Each structure stands twice: as structure tokens, then as C-alpha cells.
Amino acid sequence: MRLAFELRSTDESRSRRATSEACSVETVRRIEDAIARAKELTTPYNSAFVFFHTACIHRYFGDKAGARRWALQSIALGEEHSFPYLRAFAMALRGWSGGVTEAEEALEAFRQIGAGLWGVEVLAILAEAYADAERSTEALEHLEASLAEGRRTGERWREAEVH
């Protein structure tokens, strides 16, 4: 029974990987189209917005270098043109790719601007950074804080991943 489960899991894993790779190709093409369009519009906000969402997609693919690259570009535009929300959102993704200190800076940026949206994600990112740094107590505290924030605000889109 265990062998059958392991084989099925391996087959399912291969299938998910193949689907993910196919989606990745299409996703990358669409990202490139969005970036090209944002550059055509030459508005800093549109570019910062596209760069932030490009960083999000790289995060969902588990690509820390890609997420960091695009987050840094969004942060730069956010700082240059005073887009505090986009800057804070992008800082969270930079934190996911860069470790505890950068993730803590993102949480502080969210608190400074009084952002309510995406708070569960910032706390979850900080928990992941603590876990990566082998600081399990802090990781669990931030996971619990993320769940509590979701209950408080009704923002529950990340609840399954946080569990």
C-alpha cells in the first residue's frame, strides 16, 4: 500500500511539475507582455504595479532571485514617486527573498502607512523568513499572527497556505 501511494505521489508530482512548466512558459510570456506594455505607457505607477505583480508571480514559482529582481525595481519607483503602498508590498517580496531583516523592514513599512490590505501575507512572509533562519518560535508566532490578522480583517486568501 505504501509503495502504491509513493508511486502515485511521484506520478502526481511529475504531472504537477509538467503542468507547472507549461504554465510557467505561458506566464513568462504574459509577464513580458505586461512589462512591455507598462514601458510603453511610461507611467511610473503602472511600471511599479507591473514590477510588483511580476515579483508576486516569481514568488509563487518559488523563484527568490526573480522575485527580488522585480521587487527591487518596484521599490525604487515607489520611493522615487511616493507610492507607499506599492513600496511596502514590494518590500514584503524583497523580504521573502532576502531574509529576516528585510522581512521585518517590510512589516514596519506596512505599519507606518497603516496598511490593512495584505497584512496576512506580510506576516506569513516574515514567518517563512524566520523558518528559513531556523528560528521556529518566531516563525510560529508570526503564523499565528497571520491567522489572527485574517480573522480580524476577513482577509483569508492566504489562510490555507498559512496552515
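Residues numbered from 1 in each chain as written. Predicted model: local features only at pLDDT ≥ 70, side-chain atom pairs only at ≥ 80, totals over all residues. Heavy atoms only, no water.

Examining the confidence of the model for the protein chain
Argument step 1. Of the residues in the protein chain, 86% reach a pLDDT of 70 or more, and the chain-wide mean stands at 83.
Argument step 2. Of all secondary-structure elements in the protein chain, the lowest mean pLDDT belongs to helix α1 (residues 2-41), at 61, while helix α3 (residues 64-81) reaches the highest, 96.
Argument step 3. Every residue in residues 1-13 scores below 50 in pLDDT, and together they form zero contacts with partners more than four places removed in sequence or on other chains. (pLDDT = per-residue confidence, 0-100. Helix = DSSP H or I, 4+ residues; strand = E, 2+ residues; numbered from the N terminus. Contact = heavy atoms within 4.5 Å.)

Quick notes on the packing of helix α2 (residues 44-60) against helix α4 (residues 84-98)
Argument step 1. Two numbers describe how α2 lies on α4: the axes approach to 10 Å, and their chain directions differ by 30 degrees. Accordingly, the angle class assigned to the pair α2 and α4 is roughly parallel. Handedness of the α2/α4 crossing: left-handed. In contact with Y45, A48, F49, F52, A55, C56, H58 and R59 of α2, α4 contributes L86, F89, A90, L93 and W96.
Argument step 2. Residue composition of the contact of α2 with α4, by class: 11 nonpolar, one polar and one charged. (Axes fitted to C-alpha atoms, helices over the stretch in contact; angles between N-to-C directions. Parallel < 35°, antiparallel > 145°, perpendicular 65-115°, else oblique. Left-handed = near helix turned anticlockwise from the far one by under 90°. Nonpolar A, V, L, I, M, F, W, Y, C, P; charged D, E, K, R; others polar.)

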